[in-house]
Structure formats: structure tokens, C-alpha cells
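Observations on the model geometry
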Amino acid sequence: MGKVRVRQESKKLFIDFRYDGQRFREQTLLDDNAKNRKQLEQLLQRMEAKMLLGEFNYAEFFPNSSNLQKLKTCQPTNTAKLQVVSDLDTPLFNDFSNQWFDESKIQWRASHVRNVSSILDSSLKPAFGKKHVGDITKADILAFRTKLAKRRGRGATGLVSPKTINSHMSILRMVLDEAAERFDFETPYKNIKPLKLQKTHIEPFSLHEVQRIIDNVRADYCNYYTVRFFTGMRTGEVDGLKWKNIDFAKREILVRETLINGETEYTKTDGSQREIPMFGQVHDALKTQYAATGHMSKYVFCNQLGQPLDHNNVTKRVWYPLLKSLGLTKRRPYQTRHTAATLFLASGENPEWVARMLGHSSTEMLFKVYSRYVPNATRMDGSAFERLLGNTTPTKPQKEQHHETA
């Protein structure tokens, strides 16, 4: 269904419609008033009636239009229903996406800036860069998604994962929606739903397995995994943890930053900013760690050079070999966070309190991921988890002073 619109620059009316699978916009010399709008709406009705009958001749209605070159066949006549001028072209996707990126990045974290830039350069610009933003159709968008889904990636099938596809499509949608608003056309990104994601699969360790890991891990990583297992901090949060955010007086860990690509920056969300009590062994582990690295680095956990840990190296050289030696199922280090969450819940802590400790803005994610671990609970102060840890004691001396350079 075509529409009558107005150009903000000229205040003249134009017709926005689809024909032969393409979008067309025809600018007129008519001012924006009720009479002229009615005239154009009547014209649109006649055009659409001819389209339904298969009798529409573009050149009959717009003989001087530059859009005629878009059509494979046309039969110009001398009959003109309206005095028209060439359509005002919208910018190329390549140019507008650059403008959108420059205007938007001021509000993003550095890691998100890098991610969006990568998506634009590797996927969206190659696919749409030479198209005018106003000419991109829904069919173009769906074709792009289909092609993207066939790329090789790290998904379970060996292809790009649905989550990655959704990330690319989300950036495309934002660019096109902004362009549609600025250049007054209807966005083609309509009724395109994100791909369904599989439910998060968690494989938490039992408390007994946690103690086995801590008792048998390399001595220079004992404190590190103690903190990970009993706080539920994200990998970037614990790797980017600095001594200035350790409050021994209040026995609190202040989560204020996260480590991404070797640099610390603001946490994932505002809700991720939080204070985590030093439960059980955590206080002792951090005290021991301070004696080891407090004088050599601003980072709590660091290598021999005082630099933050490289989590990929730690995973390959420490984590996976340890699980294999203990006969435990291979699991990503992020399961330490899931383990903390399930231990919090199993001890009887209130889900709202647990959500705060994990840095969730609400309990929605908590119930979605950990629903089968949530018992009836009333406490919300950490006391139940404290008692749970009180029933266990570390059996391995915590001696090492720093980590080897990985």
C-alpha cells in the first residue's frame, strides 16, 4: 500500500510505493495541504488498481522520472498525470552507516564500539554498502540473513550461531530505522523477528567438586578459583579486579570494572555495579593474594609481569588440564559463575538477593536459567551461604605469590 508523504527539506509532497518488487518514491511540486494530499491519494488508488490488473505502465504516470531506468521494460508516453521532478535519492548504506556509527559510538563502551565496527565492516557494508538506504527491501534483508546463516562459525553446527546472527541483524535494524526516520520512508525492517535461541545449558559443579578443584589446582591459581567459585563474578570482572576495589575493612569486593581485550572498562551494565561480601574462604584467599601481589600490580590476579591474566591461556594451560586430571567433565570456566549461583540458591538464599550478587537487574534471568535450583526461601543477607561454606574448610595451603606468565 503506497503512501503520500512530505519532504522535510522542500515541504513538497511525494508518493512512496512499491512496484515490481522495488521501492519507488516520486517527488512532486505540490505543497503539503489537504487538497493536494487528496489528489495524490486518488492517484495512488488508480495506480494500485492498474497494478492489480497487471496494466500498470510506470511511464504513463511518471514519464520524466529517473526511476524509469530501474525497470527492465517501460513504454513512455506523452501522458503525465502529475508534474514531477526526479526522486531525491537517499544516501548509500555505506555512507549513512558511517555517519550513524560516528554519531552513536559516544554512548557505547569501547568493546561495543569495536564489536559494531567489526559487524559493519565484515558483514553489513559488503552486503548493502552500494545500495541506497531507501532502496533496501525486506527481501534483501532476509536474503542477507539466509546467507549469513551459511557462514562457518563457532556455533554448535559449525556455522554462525543464532545469537551472532541476531547481533548482526540488530545493527542492521538500527541503521535502517534511523535512516527511515531521517529521510521519511517506511523502514523495510518490519515483522522480522530475532532467531530463537536455545535455552542456556548450565553444568554447575557440586560443592564437593569445587573443593576438589581448589585442593588440586596449581598453587598460584588457588586463590583465583576460590574467588571465582564463591562470588559468581564474571570472567572479565574477576580478571579486571583491582586492589583499589577490595575493601577488607567492610569485607566487600566492589565490582566496578571488567577486563576486555586486556583493558579495563565500565561493567557490562549499570546493574553489574555491585558489592559482593567476602564469604568464607574468599576473605582469606584475598588476604593471601594481597601479600603476594599487592606490592607488584594494581590487579589482584596477575602474571609475573604484573599484567592482568589472559583468560584464554589460563583456560587452556590451567583449567582444562585440571578438569582432565580430576576426571571431571570438560566445562567452560564460566561454569564457576553458574556454580556460585546454584550454591547460593541451594543454601536457601532469597532469589532477589542472589540476583543482586550476580549483577542481574531483576530475577527474570535468574529464574529462567536456574529455575530448578530455586527452593522456597526467605533469607536475603547471605547468612545461609555463609553457613554452607562454614561446613567446609580448605585443605590445601595457599602459598604461591603470583602467576606464571601465560
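What counts, and at which threshold
- Residues numbered from 1 in each chain as written.
- Predicted model: local features only at pLDDT ≥ 70, side-chain atom pairs only at ≥ 80, totals over all residues.
- Heavy atoms only, no water.
- Pairing = 2+ DSSP bridges.
- Helix = DSSP H or I, 4+ residues; strand = E, 2+ residues; numbered from the N terminus.
- pLDDT = per-residue confidence, 0-100.
- Contact = heavy atoms within 4.5 Å.
- Core = buried A, V, L, I, M, F, W, Y, C linked by side-chain atoms within 4.5 Å.
- Buried < 20%, exposed > 50% of the residue type's maximum accessible area, 1.4 Å probe, protein only.

As annotated in an unreviewed UniProt entry, the protein chain carries the name Tyrosine-type recombinase/integrase and comes from Vreelandella maris.

**Structural notes on the sheet that holds strand S6 (residues 252–255)**
Spatial strand order, S5-S6-S9: three strands in an open sheet with antiparallel pairing. Every interior strand has two partners, whereas the edge strands, strand S5 (246–247) and strand S9 (274–277), have only one. When S6 meets S9, the two strands line up antiparallel, connected through four bridges. Across the sheet, residue Val 255 finds its bridge partner in S9, namely Arg 274.

**Description of the confidence of the model for the protein chain**
Looking at the protein chain as a whole, its pLDDT mean stands at 85, while 88% of the residues score no less than 70. Note on residues 73–88: pLDDT is under 50 here. Beyond four places in sequence and across chains, it has 38 contacts.

**Observations concerning the nonpolar core**
Ile 213, Tyr 225, Phe 230, Ile 253, Leu 286, Phe 344 and Tyr 370 are the most contacted members of the largest nonpolar core, which has 52 residues in total. Setting aside residues no more than four positions away along its own chain, Phe 230 makes contact with Leu 207, Val 210, Gln 211, Ile 214, Phe 279, Gln 281, Val 282, Leu 343, Phe 344, Phe 385 and Leu 389. The next biggest cluster of nonpolar side chains, apart from the first, holds 28 residues, and it includes Phe 93, Trp 100, Leu 124 and Phe 144.

**Examining the pairing of strand S7 (residues 257–260)**
Pairing of S7 with strand S8 (residues 263–266), which is carried by four bridges, proceeds in the antiparallel orientation. In the strand pairing of S8, Ile 260 is matched with Glu 263. Hairpin geometry of S7 and S8 is characterised by an intervening segment of two residues between the two adjacent antiparallel strands and by a positive phi of about 55° at Asn 261.

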